[in-house]
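# Remarks on the overall topology
Residue-level listing of the chains:
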Amino acid sequence: MVVIGLGSNLNDPARQVTAALGALAALPRTRLIGHSDLYSTAPVGPQDQPDYVNAVALLDTTLDPLALLDALQGLEQAAGRQRRRRWGERTLDLDILLWDQASVRLPRLRIPHPEMTRRAFVLRPLLDRLPDCRLPDGTPLADHWPAVAEQPLHRLHRLEEDRFAD
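This structure is a prediction, so every number in the text was calculated from the model and none was measured.

## Here's the deal with the side chain of glutamine 49
Examined against the element boundaries, glutamine 49 turns out to sit in the loop between β3 (38–41) and β4 (52–61). Look at glutamine 49 and you get buried, because its relative accessible area is 7%. A polar contact is formed between the side chain of glutamine 49 and the backbone oxygen of proline 46, at a distance of 2.8 Å.

## Observations regarding the nonpolar core
Of all hydrophobic cores here, the largest spans 28 residues; its most connected members are Ile4, Leu6, Leu24, Leu68, Leu72, Leu94 and Ile96. Only β1 (2–8), α1 (13–25), β4, α2 (65–78), β5 (93–99) and β7 (109–111) provide two or more residues apiece to this core. Top element by residues in this core is α1. It accounts for five residues. Once residues within four sequence positions are removed from consideration, leucine 24 is found in contact with Ile4, Leu6, Thr30, Ala57, Leu59, Leu72 and Leu75.

## Here's the deal with the pattern of salt bridges
Where side chains of opposite charge bring their charged atoms close, a pairing between them can arise. Across all of its chains, the model carries 11 salt bridges by this definition. Notably, a salt bridge pairs arginine 90 with aspartate 93, separated by 3.1 Å at the nearest N-O pair. We note that arginine 90, like aspartate 93, is buried. Residue arginine 155 pairs with aspartate 128 through a salt bridge whose shortest N-O separation is 3.6 Å. With arginine 155 in strand β8 (residues 153–157) and aspartate 128 in helix α3 (residues 120–129), this residue pair connects regions lying 27 residues apart in the sequence. What makes arginine 155 partly exposed here is its relative accessible area of 35%. A relative accessible area of 33% means that aspartate 128 is categorised as partly exposed. By sharing partners, the salt bridges in this structure join Asp37, Arg124, Asp128 and Arg155 into a single network.

## Comments concerning the pairing of β4
β4 sits mainly inside the fold: nine of its 10 residues count as buried. Where β1 lies against β4, seven bridges are found, and the strand directions are antiparallel. By the bridge assignment for β4, valine 3 is matched with leucine 58.

## Some remarks on α2
With 14 residues, α2 extends 20 Å between its outermost C-alpha atoms, agreeing within 8% with the 20 Å of an ideal straight helix rising 1.5 Å per residue. For α2, the secondary structure elements touched by its buried residues are β1, α1, β4, β5 and β7. Sitting at the head of α2, aspartate 64 places a side-chain oxygen 3.0 Å from the backbone nitrogen of leucine 66. Just past α2, the residue glycine 80 takes up positive phi, approximately 90°.

Conventions used here
- Residues numbered from 1 in each chain as written.
- Predicted model: local features only at pLDDT ≥ 70, side-chain atom pairs only at ≥ 80, totals over all residues.
- Heavy atoms only, no water.
- Helix = DSSP H or I, 4+ residues; strand = E, 2+ residues; numbered from the N terminus.
- Buried < 20%, exposed > 50% of the residue type's maximum accessible area, 1.4 Å probe, protein only.
- Polar contact = N/O pair within 3.5 Å; in protein donor to acceptor, adjacent residues only side chain to side chain.
- Core = buried A, V, L, I, M, F, W, Y, C linked by side-chain atoms within 4.5 Å.
- Contact = heavy atoms within 4.5 Å.
- Salt bridge = Lys/Arg side-chain N within 4 Å of Asp/Glu carboxyl O.
- Pairing = 2+ DSSP bridges.
- Expected span 1.5 Å × (residues − 1).

Quick look at the structure:
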């Protein structure tokens, strides 16, 4: 199973994230097997930008990690993403967070995502879906929650699980 982090803070962020879930479900050789609810969070980095809407998606795919990364970047571009500044505003951000129990170290890709354990907007939706999730080194993901529990976030609304089914 592959876990994808989704985020947006421009152009109706909840709609952007919901549309991205549908686009993930339509990727070739990939099946969306679940997703979290939507959460609203303060931005990381520059504070002169709108709040974000975040979620996680659970995928089953036969794509290799770089092929999936390319597909995700294509979805970001289709949503109008422009990279103007580090941790800046964006219409859509899609990150590969976990890939089964694999560790990947490539010039373009690191799995697990190096920042995921420092972000409540990643951990809360992921732990909601996979409370027993472990990192590739065997560490329970829940062990990282106390360090980020004070970061502000709140659940916006629940999304129906079968909304993106074939």
